[in-house]
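Residue-level structural notes
Spelled out from the first residue to the last, the chains are:
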Amino acid sequence: MGGLPMGERAMGQPPMGRLLVDDLADVRAGDKGDTLILAVLPREAAHYVVLERTLTAQAVARHFGRPDDVTRTVLPHLPALVFRLPAILGGGVTGYPGLDGHGKTLGYHLLMFPVES
Amino acid sequence: MTAAGSMTGASGTDGGTVRLGAGAGFAGDRIDPAVELARHGELDYLVFECLGERTVAAAQVRRLADPSGGYDSLLAARMRAVLPVLAAGAVAGTRSRTGRHTRIVTNSGAANPLAAGRRTAAVARELGLSARVGVVTGDDVLDVVRRLDPVVWETGEPLSAAPEELVSANAYLGADGVRRALDEDADVVVTGRVADPALYLGPLLHEFGWAQDDWPTLAAGTVVGHLLECAGQLTGGYFADPGTKPVPGLARLGFPFADVGSDGGARLSKLAGSGGLLTTRTCTEQLLYEVDRPDAYLTPDVTADFTAVRLAADGTDAVRVTGGAGGPRPDDLKVTLGFRGGWQGEGQISYAGPRALARARLAGEIVRERLVNVHGLAADAIGVELIGAGAAFRGLAPETDPLEVRLRVSARASGAEQADAVGWEVESLYTNGPAGGGGARKSAQETVLVRSCLVPRDLVASSVTVLEA
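If you're wondering where the values come from, they're calculated on a predicted model, not measured in any experiment. (Residues numbered from 1 in each chain as written. Chains lettered and ligands numbered in written order. Predicted model: local features only at pLDDT ≥ 70, side-chain atom pairs only at ≥ 80, totals over all residues.)

Digging into unusual backbone geometry
Here the amide bond leading from Leu78(A) into Pro79(A) is cis, since omega sits at -10°, within 30 degrees of zero. With respect to the helices and strands, the residue Pro79(A) is situated in the loop between β4 (71-75) and β5 (80-85). One non-glycine residue with positive phi stands out, namely Arg394(B), at about 55°. Within the secondary structure layout, Arg394(B) lies in the loop between β15 (382-387) and β16 (404-413). (Helix = DSSP H or I, 4+ residues; strand = E, 2+ residues; numbered from the N terminus.)

Here you go:
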């Protein structure tokens, strides 16, 4: 989070030139069993290139503390990137003892990924 | 359904399109948006998708306790809300676009479609309406999986190796059962586990007579079903963000409908004046929602390729979707297995102000120690969350020290007594724990565990029973 108040990000004022995915894209989280699925949707088509370059499968795996088992599908015509993170939800909606077994909140963790611009 | 006799006008299409409306996107969804669509949407079909993996397993447990139960608890409320509106429309002549009254399709049958069908018929009778209720069964494959002993995806082991008690097995049926129920002039179709998009594909098969190996067209219809199946998620729900994606009128969010052509292409829209918005952005998010392989979205009816889909704005709150592509349906059907998951107890309590995080953490350590040492719970069965300090991100982001923190302790337990101990120990922090703990709450419940496997499709057969009301 880098100590940045969320409200500041929401206003779209990236301080000191450090961009987050949140400044360039939306993320929708979905689940299938124990697998988390994250779709990254650039707010402008021009942002797709930098997101495609930055959000590699390996980088997203690191951001979520995973080994290199994340797969990425590129959909330049939409445009969108889809990430599949297996075995990350701790058992999913019926197995995880915590509150958000679906992992619906985890899309916003990817929004906090720093983008090198 | 009508006030007097069954109204079965000629099944044709207006302008070559069929209008499918989304009446619900999950079991607990709002009812008033469906009533608005029933009243003003000129729908051919109103579809209620009310069944998740957990929902079907939980319904199976309810059915074990009560053989006449096990269907969606909001079924009767939904039917009471929309049946009179649809019947009034049919009598008044404000018919749907295809020239007959609006028909309903729902998977609210959950673990007991026949009981749900009987309940639907009873509701119609109470309202003085006549209706043909088509019930689709055949998704219950408990006997099949017991015989086959398939490998369970999550464990990689045969089903028989699972220590938990298996209580249910429901195969994802395709659209064919829904189509056949509509072919038999059902006014309301009630199913159990049917693939969500198939609830929408069924009416399209009935209206357009698509061949069961016309993969591109079946894929196009599946894309439409996939976009509609979560109802309000297409019109700004689960999308809205006041900073980046403002959505007007979420408190009166309008549910979407689609005008689908005979080639499977469609125009998605919502009622004028309803809340929410429907744009290429909302549609793109929903297109990719829960889709782990966009090039091969597996359904019982077709393997759909979402990478070929094109979305284009087509007026205010309207988007045109084209470009369905796909290949043969899989030979196996996915099955949701339900197991008794034992008991779970939880307790919550809040701390605020200076050292809120430290006090909440200390409180969690106290509860954990006592659950193990006093109540005999297994240490690895206990989960501690510090809500407000990053619990949702599961340790992936550094904890912050916020103005307030809510401790939540949850644990799997051997029985009701152990489960109750979890909330009890949190509550007892009031007088035995860190300073300033407030707002304790507790609960305990029996749970279900859900896993998946495959069965060959030729071992699964759907059938249709028509009930008259």
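Notes on the interface of chain A and chain B
At the interface, 33 residues of chain A touch 34 residues of chain B. Only β2 (25-32), β3 (35-42), β4, β5 and α4 (92-95) of chain A provide two or more residues apiece to the side of chain A that touches chain B. Top element by residues in the side of chain A that touches chain B is β2(A). It accounts for five residues. Here the residues of the side of chain A that touches chain B are counted per class, giving 16 nonpolar, ten polar and seven charged. (Contact = placed C-beta atoms within 7 Å. Nonpolar A, V, L, I, M, F, W, Y, C, P; charged D, E, K, R; others polar.)

Focus on the sheet that holds β5(A)
Residue and element names in this part refer to chain A. Taking strand neighbours across the sheet as the criterion, the four strands line up as β2-β3-β5-β4 in an open arrangement whose pairing is antiparallel. The two strands at the open ends of the sheet, each matched to only one other strand, are β2 and β4. The average undirected angle you get between the axes of adjacent strands in this sheet is 15°. In terms of strand pairing, β3 meets β5 through five bridges, oriented antiparallel. Across the sheet, residue leucine 36 finds its bridge partner in β5, namely leucine 85. Running over the sheet, helix α2 (residues 47-54) touches β2, β3, β4 and β5 and is turned about 145° from β3. (Pairing = 2+ DSSP bridges. Axes fitted to C-alpha atoms, helices over the stretch in contact; angles between N-to-C directions.)

Some points on the confidence of the model for chain A
With 85% of its residues at a pLDDT of at least 70, chain A reaches an overall mean of 86. Within the model, the stretch residues 1-15 of chain A combines pLDDT values under 50 with 15 contacts to residues more than four positions away or in other chains. (pLDDT = per-residue confidence, 0-100.)

Looking at the domain arrangement of chain B
When the parts come together, some accessible area is lost, and that loss is often what is quoted as the size of the interface. Annotation of chain B at the domain level lists domain 1 (18-138 + 173-330) and domain 2 (337-452). Computed over C-alpha atoms, the centres of domain 1 of chain B and domain 2 of chain B are 38 Å apart. (Domains from an automatic or database assignment.)

Some words on helix α7 (residues 196-208) of chain B
Residue and element names in this part refer to chain B. The end-to-end C-alpha distance of α7 is 19 Å, a good match for the 18 Å that 13 residues give at a rise of 1.5 Å each. Of all the 13 residues making up α7, twelve are buried; the element is thus mostly covered by neighbouring parts of the structure. For α7, the complete set of buried residues consists of Asp196, Pro197, Ala198, Leu199, Tyr200, Leu201, Gly202, Pro203, Leu204, Leu205, His206 and Glu207. Residues of α7 that are buried in the fold lie against β1 (18-24), β2 (45-48), β3 (103-106), α6 (176-183), α8 (215-228) and β7 (256-260). At the C-terminal side of α7, glycine 209 shows a positive phi close to 65°. (Expected span 1.5 Å × (residues − 1). Buried ≥ 20, exposed ≤ 12 C-beta atoms within 10 Å, placed from the backbone.)

Overview of the packing of helix α10 (residues 356-373) of chain B against helix α11 (residues 416-427) of chain B
Residue and element names in this part refer to chain B. Contact pair α10 / α11: the axes reach a minimum separation of 10 Å and the direction vectors enclose 140°. In terms of orientation, α10 and α11 fall into the oblique class. Of the two possible hands of crossing, α10 and α11 adopt the one that is right-handed. Judged by residue contacts, Val367, Arg370 and Leu371 of α10 engage Ala421, Val422, Glu425 and Val426 from α11. (Parallel < 35°, antiparallel > 145°, perpendicular 65-115°, else oblique. Left-handed = near helix turned anticlockwise from the far one by under 90°.)

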